[in-house]
Amino acid sequence: MARKKIREHDSKRLLKEHFKRVSGQELPIKSAQVTESTDFNELAEKEPWLSSSKLVVKPDMLFGKRGKSGLVALNLDLAEVASFVKERLGKEVEMGGCQGPITTFIVEPFIPHKEEFYLNIFSERLGNSISFSECGGIEIEENWDKVKTVFIPTGMSLTLENIAPLVATLPLEIKGEIEEFLKVIFTLFQDLDFTFLEMNPFTLVNGKPYPLDMRGELDDTAAFKNFKKWGNMEFPMPFGRVMSSTEAFVHGLDEKTSASLKFTVLNPEGRIWTMVAGGGASVIYADTVGDLGYAPELGNYAEYSGAPKEDEVLQYARVVIDCATSNPDGQKRALVIGGGIANFTDVAATFSSIIRALKEKVSLSS
């Protein structure tokens, strides 16, 4: 399982698109994404509610505590939202020790509310943990003693019986609605291959649960079976992380091929580099390097799979080899090549490309 964070806009999009399929009811949430290329006039034509509603705007950058950091604006009209975005778009902020520019915002209707509930579902090795509280919102950490948690083993559905400890203290007039909501969200969590989902808070609008703030992570190794359900899904880089030129080059190769080509530099001066076939194998190789006590020396994470073409492997291998040899310090380097190859991968073509890249490097160095 590979946990990949997605933007709040995409988390809510998935919920809205699939909620009726599971529950038979619409989830009337609305949201719009704003980036540097957004034309507000065109956006308002596409989403007419933006011009007729009071709005909320906040960064959609994979970091939390936006309210406590003064990055959430409430009860604005569209012109005020545009002004808020213009003042902050591209500006550097520091969050959780990471610094980076704000490039993406989410705009939603402003929902006046009184109740704030907390929901968190987290995928673990043997099942899923579900946490719930009647005291959600920005003070959830200060009220953590009021959070209740149940564990649902793999293969077991959420029932009224195992959900009972979470909702035991809810007033009867809202208990049934929230029970049903939690069951639907848990079903979607599994159906869409979420690995983490948090609503903090969700509230009640006309007696129906309504997510206000939301975070989500997906198992991106399940993309092969979810491409229709997920639609055009983006997996952004973590906040504050900027691709190097070599990472961007491999990312470009990956986007143009039906295969998988992944490359992340962990330590440019590392002495141990990997070029591993297969997603699972690549993780095992990296973990083994760490288990043997050499994690500080691990230069990269690399994975190729899905029957890449000979030229694609050649370009990929050139990048890995160039990075592995780019900071000579007189010490020996190790390039670990291996992994598991799927049946449909041409092993000979794969390794002939790697051998060619190695020979090119030797000839250039001599």
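Residues numbered from 1 in each chain as written. Predicted model: local features only at pLDDT ≥ 70, side-chain atom pairs only at ≥ 80, totals over all residues. Heavy atoms only, no water.

The four strands lie next to each other as S14-S16-S15-S17, forming an open sheet whose pairing is mixed. At either end of the open sheet lies a strand with only one pairing partner, and these are strand S14 (260-265) and strand S17 (334-339). The sheet shows a mean angle of 15° between the axes of neighbouring strands, taken without regard to direction. Bridge count for strand S15 (residues 272-277) against S17 is six bridges, and the pairing is parallel. Each bridged residue has a counterpart across the sheet, and for Met275 the counterpart in S17 is Ile337. Relative to strand S16 (residues 300-305), helix H9 (residues 279-291) is tilted by about 155°, and along the sheet it contacts S15, S16 and S17. (Pairing = 2+ DSSP bridges. Helix = DSSP H or I, 4+ residues; strand = E, 2+ residues; numbered from the N terminus. Axes fitted to C-alpha atoms, helices over the stretch in contact; angles between N-to-C directions. Contact = heavy atoms within 4.5 Å.)

This part takes up helix H1 (residues 8-23). With 16 residues, H1 extends 22 Å from end C-alpha to end C-alpha; this agrees with the ideal 22 Å at 1.5 Å per step. Among all positions in H1, only Glu8, His9, Asp10, Ser11, Lys12, Arg13, Leu14, Leu15, His18 and Phe19 are buried. (Expected span 1.5 Å × (residues − 1). Buried < 20%, exposed > 50% of the residue type's maximum accessible area, 1.4 Å probe, protein only.)

Here we come to the pattern of salt bridges. Applying the stated criterion across every chain, the model contains 26 salt bridges. Salt-bridge contacts for Glu360 lead to Arg318; the nearest nitrogen and oxygen are separated by 2.9 Å. Placement of Glu360 in helix H11 (residues 347-365) and of Arg318 in helix H10 (residues 310-324) is noted, with a sequence separation of 42 residues between them. (Salt bridge = Lys/Arg side-chain N within 4 Å of Asp/Glu carboxyl O.)

The next thing to look at is the pairing of strand S5 (residues 92-95). Burial of the side chains of S5 is restricted to one face: Val93 and Met95 are buried, whereas none of Glu92 and Glu94 on the reverse face is. Adjacent in sequence and paired antiparallel, S5 and strand S6 (residues 98-101) are bridged by two residues, among which Gly96 carries a positive phi angle near 60°.

Okay, unusual backbone geometry next. With glycine set apart, most residues show a phi of negative sign, and most peptide bonds adopt trans. Cis geometry is found at the peptide bond from Asn200 to Pro201, where omega equals 5°. Looking at the secondary structure, you find Pro201 in strand S11 (residues 194-205). One non-glycine residue, Leu62, lies in the positive phi region at around 70°. Tracing the chain through its elements places Leu62 in the loop between strand S3 (55-59) and strand S4 (73-76). A residue is classified by how much of its surface remains accessible, and Leu62, at 17% relative accessible area, is buried.

Now for the environment of Lys183. Residue placement: Lys183 occurs in helix H6 (residues 172-191). By relative accessible area, Lys183 is classed as partly exposed at 24%. Between the C-alpha atoms of Lys183 and Gly306, which are 123 residues apart in sequence, the distance is 36 Å. With sequence-adjacent residues up to four places away left out, Lys183 is seen in contact with Leu158, Leu160 and Ile163.

According to the stated counting rule, one finds 12 aromatic pairs in the structure shown. Ring geometry for Phe117 versus Phe132: centroids 6.1 Å apart, planes at 15°, classification stacked. You can see Phe117 sitting in strand S8 (residues 117-124) and its partner Phe132 sitting in strand S9 (residues 127-133), a full 15 residues away along the chain. Of the two residues examined, Phe117 and Phe132, each falls in the buried class. Taken together through their ring pairs, the aromatic side chains of Phe19, Phe117, Phe132, Phe181 and Phe202 make up a single cluster. Between the NZ or CZ atom of Lys4 and the centre of the ring of Phe235, over which it lies, the distance is 5.9 Å. Above the ring of Phe84, the side-chain terminus of Arg88 is found at 3.7 Å from the ring centroid. (Phe/Tyr/Trp six-rings, centres within 6.5 Å; stacked < 30°, edge-to-face > 60°. Lys NZ or Arg CZ within 6 Å of the ring centre and 35° of its normal.)

In this section: the sheet that holds S4. If you trace the four strands from one edge of the open sheet to the other, you get S2-S7-S3-S4, paired in antiparallel fashion. Strands with a single pairing partner mark the edges of an open sheet, and in this sheet they are strand S2 (32-34) and S4. Strand-to-strand twist of the sheet, defined as the mean angle between neighbouring strand axes without regard to direction, takes the value 25°. Here S2 pairs with strand S7 (residues 105-109) via three bridges, running antiparallel. Note that in S7 the partner of Gln33 across the bridge is Ile106. With respect to the sheet, H1 is in contact with S2, S3 and S7, its orientation differing from that of S7 by roughly 45°. In the packing of helix H4 (residues 78-88) onto the sheet, contacts are made with S2, S3, S4 and S7, and the angle to S4 comes to roughly 150°.

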